Amino acid sequence: MVTIYTNENNPATLKLIVAKNLTKQIVDIKLVNVNDNAIPEPKHLPCVEIDHQNVLFSPNSAICYFLQTNDSSFEEVSNLLEWEASSLSPHLANLLGGTTKNEKLKLSLVSDLNFLNEYLQNKNFLIGTSVTAADIAIWCSLYPLNACVKSSKEYLSPLPNISKWIASLSNLPEFKDAVSSFKLDISSSYNALLLGAKYLSITVDEKANKGASKQENEPQSEKVSQKELETVRKSWQKHISEFPKLKTTEGPVLPVPGEKNVFVTSALPYVNNVPHLGNIIGCVLSADVFARYSRICNNNTIYISGTDEYGTATETKALEEGLSCQEICDKYYKIHKEIYDWFNIKFDKFGRSSHPQQTQVCQDMFLTLNSNGFMFTESIEQLHCEKCKKFLADRFVEGGCPNIGCDYPDARGDQCDGCSKLVNSVELKNPRCKICGNTPIIKSSNQFFIDLPKLEPLIYHWLKLRSSGWSNNAEVIAKSWLKEGLKPRCITRDLKWGVPVPLEEFKDKVFYVWFDAVLGYISISKSYTEDYEKWWKPAKDTTIKLYQYMAKDNVPFHAILFPAMLLGANQGYITVNHLMATEYLNYEDGKFSKSRGVGVFGTDARDTGIPSDVWRFYLLYVRPESQDSSFSWNDLVTKNNSELLNNLGNFVNRALVFAKNNFNSKIPEMKLTDDDYNLLALCSREYKGYIESLEKSKFRDGIRHILSISRLGNQYMQTNQPWVLLKGTEDEKLRAGTVIGVCCNLSCLIATLLHPYMPDTSDNLKKQLNTETVVLNPDAPEIVTMLSPGHQLGEPTVLFAKIEHARAEELKKKFAGKQQPSETSAGKLVGVEVLQKEITKQGDKVRLLKSSGAEKSVWEPEVKVLLNLKKRLEEAQKGVTAAPQNNKVDPNELKRLEEEVAKQGDVVRKLKESGVEKSVWQPEVNKLLSLKNDLAKASGTPLAATQKNKKNKK
């Protein structure tokens, strides 16, 4: 049996009881003393013993164990649980359960509660439409605060969203039972929490303060060493004017001997579709952040990318839209370019793989590799359409599935949608040309292969030396290819749209897309500058670091195939130093799908009215660096309102407005104290963390370090209260000026650190500060005086705008995709034609994914979607799904009940606002819930809460 060990009056125990109530878990609760030997080490209470070997010492982890959090909401729930455990709960325990009453702690708690109140705007639950582990943890932590009339009035009364949410959960039977079964002495509950959780206590260190003003120290995590203080003191004496200015260049950027030269590329996106958010963060945006960072470090930096325009994917799209391949490429190149321009992606050159330079580079590489003995020809069998007079690419042929046990008649040349198995096109039963319907015949055709087994030793040793600077997934994928042994790869096709093979006997063939696409980096560089070889074949005295950004499905081409070509050419080409691959970004609870209208695509983001900088910020905040992550509208709104608006924007705006109103928009005289240097030391830690993160392309961590600096600044300003000091003595006025001067200087640092992430915001802030970009020194990051006393500031303006949660809900519905077909009264599903179109589109998507060489983990979920669509179509055609019979609704009764609910709602609100005891307003709340239940039944949609109550009664 699962056992809960807890001390008396510990409100964290309520979390476990609510969780076990919701899941009907049987547990044994044992009350113990904090120092009892029976408690498993490390003796944190409450803890949950699952068996003699498994004990959970974190109540929040135990809640998740009981509830088994849904994967789609896991990250958001985890973030809230971490916040509750690391911020809200310690502040409550130390402030209301400890012996000291630190004013800084009070401000921190108020900040926590304001954040929660904002988070709960227009919400019944923290996440989604039902109780999650986050609701349980936070409600239970706040229960004693809410139950104490005095504390509730002081902290919660001004926060209507929290009060409403607490009241709503309090009426659920699982919460009621927890409160009644585990009685708490409200006056001592936070003290019991403090003893059980063993939070870091806050004490007065008189020696540290040297008897000055007996100020209470910050929690230990915020202490800085004497060495750190001395370092920041010395740094602050320096002025930014002593350091190099940002380089400016005219004409193409070229590598410089003896300096740091950085070459950045992003995977060339396919030109045959509109890129979605996952495509954007996976390559072009990630590369842009690093390129911008490298430039403000004064490195010689170029960023090259472009569209991948050759191959059967383009031919397929051209057929779908009735355009020529060139017209398709022209159309979608323009769309891609406009999207990336709107997202503020600053390429040195964004080119095209269909330009003439590509033909020259591709043919030269082929001839070189062929001359070096790394090419051979081999005859392969292909289907040929006599009517179209062409060999058919896999996606241009269909027929009966050849796999045993599957009789699906419309299998494609690469895979069968019926059984999901791979197909060899020449084995199809009754094959037919997708273009004209004619029956193709099998013909042999000679094709060129690159002899990768010959190049394997070169690749093996090269990879051993280079892969240490790669993202983990890139290194794993590359080594797995080598482990299996490299195989020859066919590099030519019998197609028209592509780079022609430069040999007379192969003049009707073109290079396969994977061979020609990676060479696009070289050809686009050539279109950027005639001196492109200085980047690709540098002189001996010139060092160049090549960074390549992509999603993980592109790793094999960049980690194995492209290096094999460059090494095999033996002409001094550089090869990738840092191959940085992301995992996949999902959309809400599923995948992006253009055909189903699911997800946000580049043109959609622009049309929402949300600034591109906010999109950049959020995509980088959730960048899938080590595992798949999800885009969430609710999370985007929350991060915008809490992190950008309330944290970062609030900090810089308060400082600049205060300087304008009280110091004539000039930096005041500053006389720093130990408290100020302590702040600078903490911010210096974050600054160094930012540098370390961006050097490793850990962009999620980097942006968190920026937000930590503004958060520290907010706390610093709130603690020192310059608006109060300004009314005091001359020394206090000097102190007020020092605080504002330090905050303006930190804002100047933030303006530069923001540049890679949010360039428009960075420029806006620099304009307000009347300053320029500060050059970063990755080797020795330090906070120096950037704005001296007397520096004239610009006009302060608000950096960010609030996004209403109602707007998020609108957008969430808009991009949720097509609705499921509705049901008729006869029980048959309507929308057969819609389903058939969906199946065709989804089948094309699956084929494109498989033919692109994507991993099984990428295309398998799409196959499942396809099979589900087919099942629904079968049900629709047979009419097997019966429609529910709706009860007749009496409109007069509905109107009466709606009026009663509205009246009773007013009664409840007025009672709660008056501050009366819970015993007075609770019966009225029960009456309101009963009326709502009657209304729900009358309309034919019973409340979920009513269903739970019925189950519990049973």
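Predicted model only: the values in this text are computed from it and were never measured.

(A) Fine view of the overall build of the chain. When helices and strands are counted, the chain shows 36 helices and 20 strands. Looking at the chain residue by residue over its 954 residues, the buried ones come to 53%. Expressed as a percentage of contacts within the chain between residues at least 6 apart in sequence, the contacts between residues at least 24 apart total 76%. Total accessible area on the chain stands at roughly 43,500 Å², and carbon and sulfur atoms take up 50% of it.

(B) Quick look at the nonpolar core. Membership of the largest hydrophobic core comes to 180 residues, with the highest contact counts inside it found for Phe515, Trp536, Trp615, Phe631 and Trp633. Excluding residues within four positions of it along the chain, Trp633 makes contact with Tyr587, Glu588, Val600, Thr608, Ile610, Trp615, Ala808, Leu811, Lys812 and Phe815. Leu116, Ala133, Leu156 and Tyr190 belong to the second-largest nonpolar core, a separate cluster that totals 57 residues.

(C) Structural detail: the packing of aromatic side chains. Applying the stated rule across the entire model yields 39 aromatic pairs. Measuring from centroid to centroid gives 6.1 Å for Phe290 and Tyr549, while their planes differ by 40°, and the two rings are tilted. Of this pair, Phe290 sits in helix 13 (residues 284-296) while Tyr549 sits in strand 17 (residues 544-551), and the two are 259 residues apart along the sequence. Like Phe290, the residue Tyr549 is buried in the burial classification. Between Phe658 and Phe663, the ring centres sit 6.3 Å apart and the planes meet at 45°, which makes this aromatic pair tilted. By the burial criterion, Phe658 is buried, and Phe663 matches it. Site record: aromatic cluster; members linked through ring pairs are Tyr587, Phe592, Phe601, Trp615, Tyr618, Phe631, Trp633 and Phe815. The positively charged end of Arg352 is found above the aromatic ring belonging to Tyr333, 4.7 Å away from the centroid. The lysine or arginine in question, Arg493, covers the ring of Tyr512, its NZ or CZ lying 4.0 Å from the ring centre.

(D) A look at unusual backbone geometry. Positioned with a positive phi, Asn298 is a non-glycine residue whose angle comes to about 65°. On the secondary structure map, Asn298 appears in the loop between helix 13 and strand 6 (300-307). The exposure class assigned to Asn298 is buried, which follows from its relative accessible area of 13%.

(E) Representation of the environment of Trp139. Along the chain, the position of Trp139 falls in helix 5 (residues 133-147). Residue Trp139 is classed as buried on the basis of its relative accessible area, which comes to 3%. For the pair Trp139 and Ala12, spaced 127 residues apart in sequence, the C-alpha to C-alpha distance is 10.0 Å. Ignoring any residue separated from it by four or fewer positions in sequence, one finds Trp139 in contact with Trp165, Ile166, Leu169, Ser170, Phe175 and Val179. For Trp139, the side chain forms a polar contact with the main-chain oxygen of Ile166, separated by 3.2 Å.

(F) Region of interest: the pairing of strand 1 (residues 2-6). Most of strand 1 is tucked away: five of the five residues are buried. Burial along strand 1 is two-sided: the face carrying Val2, Ile4 and Thr6 and the face carrying Thr3 and Tyr5 are both buried. Summarising the sheet, strand 1 and strand 2 (residues 27-31) pair through five bridges and their orientation is parallel. Across the sheet, the residue bridging to Thr6 is Leu31, located in strand 2. The β-α-β motif built from strand 1, the intervening helix 1 (residues 12-23) and the parallel element strand 2 has right-handed crossover chirality. When strand 1 meets strand 3 (residues 47-49), the two strands line up antiparallel, connected through three bridges. Considered in strand 3, the bridge of Thr3 is made with Glu49.

The rules we used
- Every chain is numbered on its own, with residues counted from 1 as its sequence reads.
- Whole-chain, interface and lining totals are the exception, using all residues; otherwise, since this is a predicted model, local features are given only for residues with pLDDT of at least 70 and side-chain atom pairs are given and counted only at 80 or more.
- Side-chain figures throughout are based on the complete set of non-hydrogen atoms in the structure, without hydrogens or water.
- Elements are defined by DSSP. Helices are runs of H or I of four residues or more, strands are runs of E of two residues or more, and each kind is numbered from the N terminus.
- Accessibility here uses a 1.4 Å probe with only protein chains present; expressed as a share of the type maximum, an area under 20% marks a residue as buried, one over 50% as exposed, and anything in between as partly exposed.
- The contact rule is simple, with two residues in contact once any of their heavy atoms fall within 4.5 Å.
- Computed by Shrake-Rupley with a 1.4 Å probe, the accessible areas treat only the displayed protein chains as cover when residues are assessed.
- Throughout, nonpolar core names a set of buried Ala, Val, Leu, Ile, Met, Phe, Trp, Tyr and Cys residues whose side chains join them through atoms within 4.5 Å.
- Aromatic contacts are taken between Phe, Tyr and Trp rings whose centres are within 6.5 Å, Trp giving its six-membered ring; a plane angle under 30 degrees counts as stacked, one over 60 as edge-to-face, and the others as tilted.
- For a ring to carry a charge above it, either NZ of a lysine or CZ of an arginine must fall within 6 Å of the ring centroid while also lying within 35 degrees of the normal to the ring plane.
- N or O atoms closer than or at 3.5 Å make up a polar contact, with two conditions inside protein: a donor-capable atom paired with an acceptor-capable one, and, for residues adjacent in sequence, both atoms drawn from side chains.
- Two strands pair if DSSP finds at least two bridges between them.
- Orienting the strands away from the viewer, one traces the path from the first strand over the helix to the second; a clockwise path indicates a right-handed crossover.

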